[in-house]
Amino acid sequence: MTELETEYQRLDTQEDDTADEEDIMLHMPDSGRARWNHIENLDAFFSRLYLFHQNHGYLCMMLGQVLELVQFLFIFLFSLFLLRCVDYATLFDHDQKISIPDVIKECSREHSPLLVICLLVASLFWLHRLVRVLYNAYHFWEIRAFYTSALKVSASELDNLTWHDILKRVQHVQKEQRMCIHKADLTELDIYHRILRFKNYTIAMVNKSLLPLRHNVPFLGEMVFVTNGLKYNLEMILFWGPWAPFRNYWELKEDFKPAAKSKREELAKQLSRTILWVGLANLFLSPFISLWQILYSFFSYAELIKREPSALGARMWSLYSKLYMRHFNELDHEFQARLNRGYKPATKYLNSFSSNMVTIFSKNVAFFAGSVLAVLIILTVVDEDVLTVEHVLTTMTLLGVAVTICRTLIPDENLIWCPEVLMQSILAQIHYIPDSWKGQAHTHRVRKEFSQLFQYKITHLLEELLSPVFTPLILIFQLRPRALDIVDFYRNFTVEVIGVGDVCSFAEMDVRNHGNPKWLTGHRSEANHYQQAEDGKTELSLMHFKMTNPEWQPPEESKMFIGALKEKAQQDVQLTNRVDAENIALVTSLQSLSSLDAGGLNSLLGNLAIQQTPRNERSPESPLQGAAAPSYLPLQGPATPLTNPPDQRRMKGSISNTEGPLKGEGSGLLSSIHSPPAVGAQGSSHPMDSFVGFAPDNALLTGGTPRDFNTADMNFSALYMHKLHDHRVTLPETSEPGTAGNAEGEMPSGSWSAVSREPLPLVEEHSSLMDTTQSV
């Protein structure tokens, strides 16, 4: 394949109107705030600003970090005490009754060379952590001062402000203080870019299957292996390490910017050597890391297993799922909220699968173990001296654990779950599943693949214990061959944004440059196979970010894409009273939410049918005919904004983890179908821009608080976009020129694993395949 070349471009943002130099010189900020003028490292500053808010202030943050130091010191000293200061011969002497002082001896002064090395490594690590805590204490004290003096937020008010509130105040301070001197205003996306710069690169690399996270294991098939240790090493190699491609937090090294072919090979060799040395260092340190992992896991889980043996049988979202399912420009609290909402349907889905052989075996083991345990308990009640018999207490404990584990493996015979419905409920929350899962949720193949996203805690624990062994092998033998691909990724998918620095171009969420034609963008996208984000990542991320930040103005093509989606939803609303309405994407998306709240769904469908259809034209066979509209909604005509819904209550307490604005207009598809467009409204360049947000009863879908309707709106938007993608629906053309419907065909695999050993195709300068002159 002919290799084309591209040129690294510098992009101006939409708001990057050159400020009047005279205004800058004459601007005299308040002397109390002048210290925040021209902050050099805004990435670190905004990241600390976000962490300060999410961790509930200075005292909570530093208390947590100090106690982590104490915890490490406790594990270190307590392990040394158990090793050197306990007389185990006396402890296990059953001929005499002993007390605790009898088994504590004078600590041995003889130290083996291995013990000395372990002590030295542990001491150096603890001192490093101590320096980091002192460093953080200094910088977060500065952040505390910024909150107090610049944002006017006291510690007591912090938990009662959302991140969106803080964001607006930061934007206001920027206008007064010029924290960033390169532009007058900072948009929401500018601030998100600085907080999530490296995270967006990682998400894009995972989306394009560039990082070696999937492995073919003999006899086990394809497996996913992502641990905290592997993730830490990848981030050090690719982003912040001394030999990483980044010069600092916000700028790539110059050698990675030009597209000179001679540099590609040289940079790939340098990166390959870096990966090799890091892998060898991990191999050398693996015994010490393994020892720490074992000790930490033992002290963390031993008491939990004794108190609640089924805890390790619970499930958790895997580290791989947190990379695969995350949107571009999605902050931690926003993403964690989605995962929390998806936990219950995900648990129900996996519990709906059971093995008949395992069930029969578990019932019988539980019967035998329970019978013996019951006899021992009765004997203990009759005479408590039974507990003094050797191994009786141990036997009772093991039998109790066996019974508990067996009970968790026996399904509830009174519950009936539909895997397809549960998968739709999961999709509504997590927003991403492979196309191959749709319609196949009842198969064990999908169940096995989904369990890689939603794994047992014991599986996660075992992966972490094995991480010191497998991490250096993955780095040396699987990441190194992809060094050239990684170099090409940086060069082809990095853009410079004024006032922000170098960012991943996927994080711009521009459907023209990275949209997928099979995901509704159609001819709006000019991206080729390698420039397309897979699984609708660009489109879903765009919708999520717009709903989380309603005042943000996306690029023109992206704005028209959102408008076309809303227009399509409006068209589907007109068809909700037809006999075949169940085949309409809008209705099927709403029906998929029935598992969340069936009553709210019926009210919502009834409201849509009644709003859009005169009484004398309603079909008696329509699936929406029997649904009743809420009494506080208008029976006919356009919906009007609702000021005081019956169940709306003023929120109290901590709202720091709220996604998006706590109050305000909705900006998603569900809001648009409740508020028909005011066509021809002045001051709007597009009919959809004139929508007035309408929030119906907040308890309709998720129940009860102002933020719940926004959640339901995003759930519906994700489901609706997936339904349109599944049906390969062409979005309607908007009034602006240059838009078109999407083409039909199968979704591309998007995997680079098939070409992982070959360089990515470079794009020719000024080529239409990759026009890097887009505006931000």
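Residues numbered from 1 in each chain as written. Predicted model: local features only at pLDDT ≥ 70, side-chain atom pairs only at ≥ 80, totals over all residues. Heavy atoms only, no water.

Let us now look at the overall build of the protein chain. Assigned secondary structure in the protein chain consists of 27 helices and seven strands. Relative to its full complement of 776 residues, the protein chain shows a buried share of 50%. Long-range contacts, defined as pairs at least 24 residues apart, comprise 76% of the intrachain contacts of the protein chain with a sequence gap of at least 6. When the accessible area of the protein chain is evaluated, it comes to approximately 37500 Å², of which 58% is carbon and sulfur surface. (Helix = DSSP H or I, 4+ residues; strand = E, 2+ residues; numbered from the N terminus. Buried < 20%, exposed > 50% of the residue type's maximum accessible area, 1.4 Å probe, protein only. Contact = heavy atoms within 4.5 Å. Areas by Shrake-Rupley, 256 points an atom, 1.4 Å probe, with all protein chains shown as cover.)

Before going further, it helps to examine the pattern of salt bridges. A full pass over the atoms with the stated rule returns 20 salt bridges. For Asp435, the salt bridge identified is with Lys438, shortest N-O distance 3.4 Å. The exposure class assigned to Asp435 is partly exposed, which follows from its relative accessible area of 28%. Ionic pairing is found between Glu449 and Arg445, a salt bridge with its closest N-O pair at 3.5 Å. Of this pair, Glu449 and Arg445 both sit in helix H17 (residues 444–453), separated by four residues, roughly a single helical turn. A relative accessible area of 36% means that Arg445 is categorised as partly exposed. A cluster of three or more residues bridged by salt bridges with shared partners is formed by Asp43, Arg194 and Arg197. (Salt bridge = Lys/Arg side-chain N within 4 Å of Asp/Glu carboxyl O.)

When two helices pack together, their arrangement is captured by the angle between the axes and the distance separating the axes. Look at helix H10 (residues 228–240) against helix H18 (residues 457–479): their axes get within 7 Å of each other, and the N-to-C directions meet at 35°. Contacts from Asn228, Gly229, Leu230, Asn233, Leu234 and Ile237 in H10 reach His460, Glu464, Ser467, Thr471, Ile474, Leu475 and Leu479 in H18. In terms of residue class, the contact of H10 with H18 is made up of six nonpolar, six polar and one charged. (Axes fitted to C-alpha atoms, helices over the stretch in contact; angles between N-to-C directions. Nonpolar A, V, L, I, M, F, W, Y, C, P; charged D, E, K, R; others polar.)

Applying the stated criterion to the full structure yields 38 aromatic pairs. Pairing Tyr58 with Trp141 gives two aromatic rings, centres 5.2 Å apart and planes at 80°, and the pair type is edge-to-face. Of this pair, Tyr58 sits in helix H3 (residues 58–84) while Trp141 sits in helix H6 (residues 113–150); the two residues are 83 residues apart in sequence, bridging distant segments of the chain. Residue Trp141 is classed as partly exposed on the basis of its relative accessible area, which comes to 44%. Seen from their ring centres, Phe225 and Phe470 are 5.8 Å apart, and the 65° between their planes marks the pair as edge-to-face. Pair noted here: Phe225 is in the loop between strand E3 (221–224) and H10 and Phe470 is in helix H18, with a separation of 245 residues, a long-range link. (Phe/Tyr/Trp six-rings, centres within 6.5 Å; stacked < 30°, edge-to-face > 60°.)

As a further point, take the nonpolar core. Ranked by internal contacts, the top residues of the largest apolar core, which has 130 residues, are Phe46, Phe146, Tyr147, Met179, Tyr349, Phe450 and Tyr490. Counting residues per element, this core draws most heavily on helix H27 (residues 706–727), at nine residues. When neighbours within four sequence positions are excluded, Phe450 is seen to be in contact with Trp317, Ala346, Tyr349, Leu350, Ile426 and Trp437. Core analysis: the next-biggest nonpolar cluster, separate from the first, contains eight residues, Leu373, Leu376, Val392 and Val403 among them. (Core = buried A, V, L, I, M, F, W, Y, C linked by side-chain atoms within 4.5 Å.)

Take unusual backbone geometry next. Within the chain, His38 stands out as a residue other than glycine whose phi angle is a positive 55°. Here the phi dihedral of Lys152 falls at roughly 60°; this positive angle occurs in a residue that is not glycine. Within the secondary structure, Lys152 sits in the loop between H6 and helix H7 (163–177).

All right, on to helix H23 (residues 556–573) then. Here H23 spans 26 Å end to end across 18 residues, near enough to the 26 Å set by a 1.5 Å rise per residue. Of all 18 residues making up H23, 15 are buried, and the element is well covered by its neighbours. (Expected span 1.5 Å × (residues − 1).)

Another point: a nonpolar patch on the surface. Together, Leu466, Val469, Phe470, Leu473 and Phe477 make up a nonpolar patch on the protein surface, roughly 460 Å² of accessible area in all. Along the chain, Leu473 falls in helix H18. (Patch = residues over 30% accessible without salt bridge, like charges linked within 9 Å, V, L, I, M, F, W, Y side chains within 5 Å.)

Let us now look at the pairing of strand E7 (residues 501–504). Pairing of strand E6 (residues 494–497) with E7, which is carried by four bridges, proceeds in the antiparallel orientation. The residue bridging Val497 from the neighbouring strand is Gly501, located in E7. Counted between consecutive antiparallel strands, the loop separating E6 from E7 contains three residues, among which Gly499 sits at a positive phi close to 85°. (Pairing = 2+ DSSP bridges.)

What follows is about the environment of Ser589. Residue position: Ser589 is located in helix H24 (residues 585–592). A relative accessible area of 0% places Ser589 in the buried class. Taking the C-alpha atoms as reference points, Ser589 and Phe716, separated by 127 residues in sequence, lie 6.5 Å from one another. Once you skip the residues sitting within four places of it in the chain, Ser589 turns out to touch Phe716, Leu719, Tyr720 and Lys723.

What follows is about the confidence of the model for the protein chain. Mean pLDDT over the protein chain works out to 77, with 73% of the residues at or above the 70 mark. No element of the protein chain has a lower mean pLDDT than helix H1 (residues 21–26), at 39, and none a higher one than helix H9 (residues 197–207), at 96. Counting interchain partners and residues more than four positions distant, the pLDDT-below-50 stretch residues 598–653 has 103 contacts. In this model, residues 676–706 is a region of pLDDT below 50 whose contacts with residues beyond four sequence positions or in other chains number 85 contacts. (pLDDT = per-residue confidence, 0-100.)

Tracing the sequence through the fold places Arg48 in helix H2 (residues 42–54). Buried and without a salt bridge, Arg48 has Glu142 as its closest oppositely charged side chain, separated by 9.2 Å. Among the polar contacts listed, one links the side chain of Arg48 to the side chain of Tyr135, at a separation of 3.5 Å. Every residue in contact with Arg48, bar those within four places of it in the chain, is listed here: Tyr135, His139, Phe140 and Ile143. (Lys, Arg positive; Asp, Glu negative; His and termini not counted. Polar contact = N/O pair within 3.5 Å; in protein donor to acceptor, adjacent residues only side chain to side chain.)

A word on the side chain of Thr711. Within the element layout of this structure, Thr711 appears in helix H27. According to the relative accessible area criterion, Thr711 is buried, its value standing at 10%. Once residues lying within four places of it in the same chain are set aside, the contact partners of Thr711 are Arg341 and Glu659.

Attention now goes to helix H15 (residues 392–409). The end-to-end C-alpha separation of H15 is 26 Å, in line with the 26 Å expected for 18 residues at 1.5 Å each. Inspection of H15 places Val392, Met396, Leu399, Val403 and Cys406 among the buried residues, and these make up the whole buried set. The buried residues of H15 occupy an angular sector of 95° when the element is viewed end-on, so they sit on one face. Exposed residues pointing more than 90 degrees away from the buried face of H15 are listed as Leu393 and Leu398. The inward-facing, buried residues of H15 abut helix H14 (356–382). (Arc of directions from axis to C-beta.)

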